[in-house]
Amino acid sequence: MKPLGVGLIGSGFMGKCHALAWNAVGSIFDDVPRPRLVALGETTQDLAERRATELGFARSTADWRALVADPAVDVVSIATPNHLHAEMAVAALAAGKHVWCEKPMATTLADAGRMAAAARRSNSVAVLGYNYIQNPVVGLMQRILDAGEIGPVNHVRIEMDEDFMADSEAPFSWKSEAASGHGALDDFGVHPLSLIRVLFGEARRVCGHMAKPYADRPTREGSRRAVETYDIATVLVELENGASGVLSLNRCAWGRKGRIFVQIFGAKGTLVYDQERMNECLVYTADLPKETQGFRTILTAPHHPPYDRFVPASGHGLGFNDLKIIECRQLIGRIRGEEARILDFEDGLRIELTIDAIARSARTGSWVEVAPSREGALR
Ligand SMILES: NC(=O)c1ccc[n+]([C@@H]2O[C@H](COP(=O)([O-])OP(=O)(O)OC[C@H]3O[C@@H](n4cnc5c(N)ncnc54)[C@H](O)[C@@H]3O)[C@@H](O)[C@H]2O)c1
């Protein structure tokens, strides 16, 4: 396979993470030709030029449409604010490019449907940045579940908490605008839902509640602006396999920095994982004698692939940016037609249908069935 030509749109938190992944993927994975970093798109030419130099891209532009049309670009990384994903992804797919789009897929179900339809019409690969599913520890948990070590799962509880919006005086940003989506529900909720999707499958019906801890926030201009999104969401879930679940999502959780606390309860044991301690998981199995029962801590090691590609020694640990490098390798695998552990726009649409069902449930106060994908795409 010849090296892929990469175009990156957006170079903030996630854009830098994508750029690091594109820079590193050929070094970490020796079976991947080093990609060509063709062009970086930003809001202004100055910023685009500066970031292109820092991040190793050959060209820069303030016009993302020119980047998407560039014949040297094979794959477009979209790391812009949520409301821009749909327009950019649909244009990139129409231009015959592969797409690696940040989460959440879109800010409306109609846009997610348009994106999935554009991917279906194309011959391209279109995937989403649900990076936590890439953790080798999550792969290990999947193997433990598949081996039946904790028996049939009857309950899953996932809490995702951060405190970057916990300060009521934190300035109003695009994350508080209705145009960015529902709030914690889609900003955070897509991560637990992607974990549920790879570990168990589908949500069948949901019951949600959304809360707004602060009514307004200061603007950079010195006034105050009403908060349009909900920074807290709580969800009851019933899965297709009959298991029940709880999702608890909070962007205002003082003290929690990057917590995704996953507890999976089975008939014969329990699995526990926390993204703040992303290099370990806890396993409890009920088959040991009572006096030695207790949680075992398993640290990541070379026998939890692809940890071995990063470090030859056990327990040294991977970091957040490494998950994006693994995700990038999975994307390249999918483009090469290999079996790849990555969620595409069809999976994304299913996740967005679940998000939409939760939001409707929060409005009506009752349980809502998650619509089948095709039906949702057409609505
Ligand atoms: N996967 C994850 O774990 C994760 C974590 C954080 C954010 N995200 C997602 O990544 C996306 C970006 O979030 P972020 O935190 O990096 O935001 P950010 O504000 O740090 O960066 C966004 C960048 O996009 C640029 N941009 C805006 N409009 C543009 C346009 N029209 N053309 C080109 N560039 C444009 C901005 O100048 C900025 O540099 C969001 O969708 C967010 O939900 C994902």
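Before reading further, recall that the structure is shown in the block above.
Residues numbered from 1 in each chain as written. Predicted model: local features only at pLDDT ≥ 70, side-chain atom pairs only at ≥ 80, totals over all residues. Heavy atoms only, no water.

### Looking at the nonpolar core
Counting residues in each nonpolar core, the largest one holds 118 residues, and the members touching the most others are Trp-22, Ile-264 and Phe-345. Here this core takes eight residues from helix H11 (residues 345-364), the largest share from any one element. Each residue touching Trp-22, except ones within four places of it in the same chain, is listed here: Leu-4, Val-6, Pro-35, Leu-37, Val-75, Ser-77, Trp-100, Cys-328, Leu-331 and Ile-332. (Core = buried A, V, L, I, M, F, W, Y, C linked by side-chain atoms within 4.5 Å. Buried < 20%, exposed > 50% of the residue type's maximum accessible area, 1.4 Å probe, protein only. Helix = DSSP H or I, 4+ residues; strand = E, 2+ residues; numbered from the N terminus. Contact = heavy atoms within 4.5 Å.)

### Focus: the site of the ligand
Taken together, 26 residues are adjacent to the ligand, and Met-14, Glu-42, Asn-82, Lys-103 and Asn-131 come closest. Thr-80 is positioned with one of its backbone polar atoms (N or O) 3.3 Å from an oxygen atom of the ligand. For the ligand, the accessible surface in isolation is 850 Å², of which the surrounding protein chains cover 82%. Counting atoms within 2 Å of the grid points, the majority share of the ligand lands in the largest pocket. The set of elements that each furnish at least two residues to the shell around the ligand consists of helix H1 (13-28), helix H4 (85-94) and helix H10 (320-335). (Near = heavy atom within 4 Å. Polar contact = N/O pair within 3.5 Å; in protein donor to acceptor, adjacent residues only side chain to side chain. Areas by Shrake-Rupley, 256 points an atom, 1.4 Å probe, with all protein chains shown as cover. 1 Å grid on protein atoms, 1.4 Å probe; cavity = no way out; pocket = protein on both sides within 12 Å on 5 of 7 lines; lining within 4 Å. Sits in = over half its atoms within 2 Å of the grid points.)

### Some remarks on empty space enclosed by the protein
This structure, assessed with the given rule, holds three cavities of 30 Å³ or more. Counted as a void, the largest cavity has a volume near 60 Å³. As for the largest cavity, its lining consists of Leu-193, Ile-196, Arg-197, Gly-201, Glu-202, Ala-203, Arg-350, Ile-351 and Thr-354. Where the lining of the largest cavity is concerned, the elements lending two or more residues are helix H8 (190-199) and H11. For the lining of the largest cavity, the class distribution of residues is four nonpolar, two polar and three charged. In this structure, the second largest cavity spans a volume of roughly 40 Å³. What lines the second largest cavity is Asn-82, Trp-174, Lys-175, Ser-180, Gly-183, Asp-186, Asp-187 and Arg-251. (Points joined across faces, edges and corners; volume = space filled by probe spheres on them. Nonpolar A, V, L, I, M, F, W, Y, C, P; charged D, E, K, R; others polar.)

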